[in-house]
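Take a look at the letters that make up each chain.
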Amino acid sequence: MRELTLLPLLLGSVLGVIFGASSLYLVLKVGLTVSASIPVAVISITTFRLLGKLGGRDATILENNIVQTAGSAGESIAFGVGVTMPAILILGFDLEVTRVMLVAVLGGLLGILMMIPLRRALIVQQHGLLKYPEGTACAEVLKAGAADARDSASAAPIFIGFLIGAIYKAVNVAFKGWKDVPEKIFGAPFVGGSISAEISPELLGVGYIIGPRIGGIMCAGGVLAYLVLIPAIKFSAPA
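The paragraphs below set out a description of the structure included in this document. Predicted model, so just to flag it, every value in this text is computed and none were measured.

Here is what the cut-offs are and how they apply
Residues numbered from 1 in each chain as written. Predicted model: local features only at pLDDT ≥ 70, side-chain atom pairs only at ≥ 80, totals over all residues. Heavy atoms only, no water. Core = buried A, V, L, I, M, F, W, Y, C linked by side-chain atoms within 4.5 Å. Buried < 20%, exposed > 50% of the residue type's maximum accessible area, 1.4 Å probe, protein only. Helix = DSSP H or I, 4+ residues; strand = E, 2+ residues; numbered from the N terminus. Contact = heavy atoms within 4.5 Å. Axes fitted to C-alpha atoms, helices over the stretch in contact; angles between N-to-C directions. Parallel < 35°, antiparallel > 145°, perpendicular 65-115°, else oblique. Left-handed = near helix turned anticlockwise from the far one by under 90°. Expected span 1.5 Å × (residues − 1). Arc of directions from axis to C-beta.

1. Here we look at the nonpolar core
Nonpolar side chains tend to gather and get buried jointly when the protein is soluble and globular.
Link 1 in the chain: With 16 residues, the main nonpolar core has Leu15, Phe19, Val40 and Val67 as its most contacted residues.
Link 2 in the chain: Broken down by secondary-structure element, the contributors of at least two residues to this core are helix 1 (6-30), helix 2 (37-53) and helix 5 (133-147).
Link 3 in the chain: Ranked by residues supplied to this core, first place goes to helix 2 with six residues.
Link 4 in the chain: Not counting chain neighbours up to four residues away, the residues in contact with Val40 comprise Leu15, Phe19, Val67, Gln68 and Gly71.

2. With respect to the packing of helix 3 (residues 61-90) against helix 4 (residues 97-124)
Link 1 in the chain: Interaxial distance between helix 3 and helix 4 falls to 9 Å at its minimum, and their mutual angle equals 130 degrees. It follows from the interaxial angle that helix 3 and helix 4 lie oblique. When you trace helix 3 past helix 4, the crossing you get is right-handed. On the side of helix 3, the interface is formed by Ile77, Val81, Thr84, Met85 and Ile88, while helix 4 contributes Arg99, Val100, Val103 and Ala104.

3. Considerations on helix 5
Link 1 in the chain: An ideal rise of 1.5 Å per residue puts 21 Å on 15 residues; helix 5 measures up with 21 Å between its terminal C-alpha atoms.
Link 2 in the chain: Three or more residues of helix 5 are buried, namely Cys138, Val141, Leu142 and Gly145. Seen along its axis, helix 5 keeps its buried residues to an arc of 95 degrees; they face one direction. Residues Pro133 and Ala147 are exposed on helix 5 and point more than 90 degrees away from its buried face.
Link 3 in the chain: Taken together, the buried residues of helix 5 touch helix 2 and helix 3.

Take it as geometry only, folks, not as evidence of what the structure does.
Below, the structure is given as structure tokens:
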């Protein structure tokens, strides 16, 4: 069965660049990111299915796995770069291309080398005990795509989501259709307090994925910071 072939590597690399760039933007903006394994797997299955209908060859489950691995690796490296680059800036270093590439390459190599001894301990020996829900879901997507075209996942919702988000962002940012970040700043006696909300499709997507519990915890942290801590600091140490 085919596995490590040229076309899956190229498709996985392209998707890795796309999802890596979007993930880096997201982690710098929000402070967290979401995994790209399942979307990349769905896009891979759909792309090779269309190639098969157009006279090309369809991909095996191992080739689709190569695509999702390469695509999700781009997102993972982007997260590592996104959380370390601000620290490098705080230390007083410039974000040169060579420095950023060195951090990304060494971080990726460190992850791969650490996974070699940990694979047997965490995956083989703990099989059935550790759930790995995202990896299990991704495996089910790949198996469904390899079983039958009628059972395979469709990438239509992903592309529709991309299109809706792009139209929303264009009308909001490029054409100034409405205010991106509405904000209310309080005056005396609640000096320093403020309420604001960023209305963006990427934050809506992240909130949908992480769920109401984690989203509520993050919102509570924002409320604590902007309605309690900042006014308290302003009150105790007025300018």
